[in-house]
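Descriptive analysis of the structure
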Amino acid sequence: MNKQRLITELQSQGLQFKQASSPTVGRKAGAGPSDHRAVIVEGTTVMVPVYTATAGKSPYSVDLDRGQAMLYQDETPIAPIGLPETPHFYQLTTTEGIPYWKIALLHSHDVLATTVLQTCLRYRDESTACQFCAIEKSLEADRTIARKTPEQLAAVAEAAVRLDGVKQMIMTTGTPNVRDRGAAYLAACAQAIKARVNLPLQAQCEPPDDFIWLERMKAAGIDSLGMHLEAVDPEVRAKIMPGKAQVPVSYYYEAFAAAVQVFGWGEVSTYLLAGLGDSLETLIMACEKLINMGVYPFVVPFVPITNTPLADHPAPDSDFMFRLYQKVGELLKQAGMLSNNMTAGCAKCGACSALSTFEN
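Worth saying up front: this structure is predicted, and the values here are computed from it rather than measured. (Residues numbered from 1 in each chain as written. Predicted model: local features only at pLDDT ≥ 70, side-chain atom pairs only at ≥ 80, totals over all residues. Heavy atoms only, no water.)

A separate point is empty space enclosed by the protein. A water-sized probe rolled over the atoms picks out the places where empty space is left. The final tally for this structure, using the stated rule, is one cavity of 30 Å³ or more. In this structure, the largest cavity spans a volume of roughly 40 Å³. Lining the largest cavity, in full, are Gln 11, Ser 12, Gln 13, Gly 14, Pro 49, Thr 52, Thr 54, Ala 55, Phe 302, Val 303, Pro 304 and Ala 315. At the level of elements, α1 (3–13) and α2 (53–56) are the ones that each hand at least two residues to the lining of the largest cavity. Residue contributions to the lining of the largest cavity peak at three residues, all from α1. Residues that form the lining of the largest cavity fall into these classes: six nonpolar, six polar and no charged. (1 Å grid on protein atoms, 1.4 Å probe; cavity = no way out; pocket = protein on both sides within 12 Å on 5 of 7 lines; lining within 4 Å. Points joined across faces, edges and corners; volume = space filled by probe spheres on them. Helix = DSSP H or I, 4+ residues; strand = E, 2+ residues; numbered from the N terminus. Nonpolar A, V, L, I, M, F, W, Y, C, P; charged D, E, K, R; others polar.)

Structure representation (structure tokens):
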């Protein structure tokens, strides 16, 4: 099995850790990637579902009790697999006694990620909540704090760079209001981080009501911007994310065009969660439009997260994902839009998707 196919299947079907005492350093719930952990497959670090119901039925497994970490498919060893070590900055705490890992987490092997506001105005109302979202689950489980201050984020970022060689940082947020939609707080956080350490930053939020916030985020030190559609078809959006769907796709495209003017071609991205209901053709058409605008479409397989309304929704078929990756990868290649050229962000990290392996 080639590397592209293997990563695609692992991210769609998940991975079982056979022994209960497995040192699985992963992430349950939260804003994403949720119920995942990082593994190294043929030299590439990828985030793979391990805590989901889908993963519990996966034909792929790792059994550390057998000695060297080896990936098995239906009990047949197919490839050695690496497990990144726990980062050193996780051992530190703030002066208030808050562990650094409650403020920001290591994603992949060199990416620092945080949800600066762990609450969302849409989350607690069934009529507005995104059905795939688990942003407040990790807060309820005391695995994070509700609001990370700019000073806390700056301290953690400095330590992660110094102790663990982190190369970029991603900040996302729950939506606090229907005006700036988190842009103001992201800008404040970015300003504090950049004053402490020279670290490439991506911010992620819904499109603000006034595009002046795009310029303010850029001026604060944010290098790349993510505004996530998740789904494209209006009927799918209304069903899966009724509150967020009140911001129409047309407004996202207006915001994308404005953001490209501010951040530059290829420095703006959007998540597309394949498997929520959009057809293959719909996703490909959207990706082509986005690429032509200068926006990187970060295509990711939907992962059904435990204790969410979509917990039992099936993950997308790996053949579906492979066909989607092939087409989108070709579009990216033709446009010369490569994830590695982005300054910071989920697409640059690439660990939650096999897409980057299809760019070449």
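This part takes up the pattern of salt bridges. Taken as a whole and judged by the stated rule, the model has nine salt bridges. Among the salt bridges present, the one from Glu 230 reaches Lys 244, with a minimum N-O distance of 2.4 Å. With a gap of 14 residues between them, Glu 230 in the loop between β12 (224–226) and α7 (234–240) and Lys 244 in the loop between α7 and α8 (249–263) connect regions that are remote in the sequence. One exposure class covers both Glu 230 and Lys 244, and it is buried. We note a salt bridge from Glu 330 to Lys 333, for which the minimum N-O separation is 3.5 Å. Here the residue Glu 330 and the residue Lys 333 both occupy positions in helix α10 (residues 318–335), the gap between them amounting to three residues, near one helical turn. (Salt bridge = Lys/Arg side-chain N within 4 Å of Asp/Glu carboxyl O. Buried < 20%, exposed > 50% of the residue type's maximum accessible area, 1.4 Å probe, protein only.)

Further remarks concern helix α5 (residues 183–196). Helix length check: α5 (14 residues) gives 20 Å between terminal C-alpha atoms against 20 Å at 1.5 Å per residue, within 8%. Of the residues making up α5, those classed as buried are Ala 183, Tyr 185, Leu 186, Ala 187, Cys 189, Ala 190 and Ile 193. Those residues of α5 that are buried are in contact with α4 (150–164), β10 (168–172), β11 (201–204) and α6 (212–220). (Expected span 1.5 Å × (residues − 1). Contact = heavy atoms within 4.5 Å.)

What follows concerns the side chain of Thr 52. If you trace the backbone, Thr 52 turns up in the loop between β4 (44–49) and α2. A distance of 3.0 Å separates the side chain of Thr 52 from the backbone nitrogen of Ala 55, its partner in a polar contact. (Polar contact = N/O pair within 3.5 Å; in protein donor to acceptor, adjacent residues only side chain to side chain.)

Let us look at the pairing of strand β3 (residues 36–41). The side chains of a regular strand alternate between both faces of the sheet. Within β3, five of the six residues are buried, which leaves it mostly tucked inside the rest of the structure. As paired elements, β3 and β4 share six bridges and run antiparallel to each other. Among the inter-strand pairings, Arg 37 is bridged to a residue of β4, identified as Val 48. Linking β3 to β4, which pair antiparallel, is a turn of two residues; within it Glu 42 sits at a positive phi near 50 degrees. Sheet topology places β3 next to strand β7 (residues 76–82); two bridges connect them, and they run antiparallel. When the sheet's bridge partners are listed, Val 41 is paired in β7 with Ile 81. (Pairing = 2+ DSSP bridges.)

Note that all results are geometric; they support no functional claim without further evidence.
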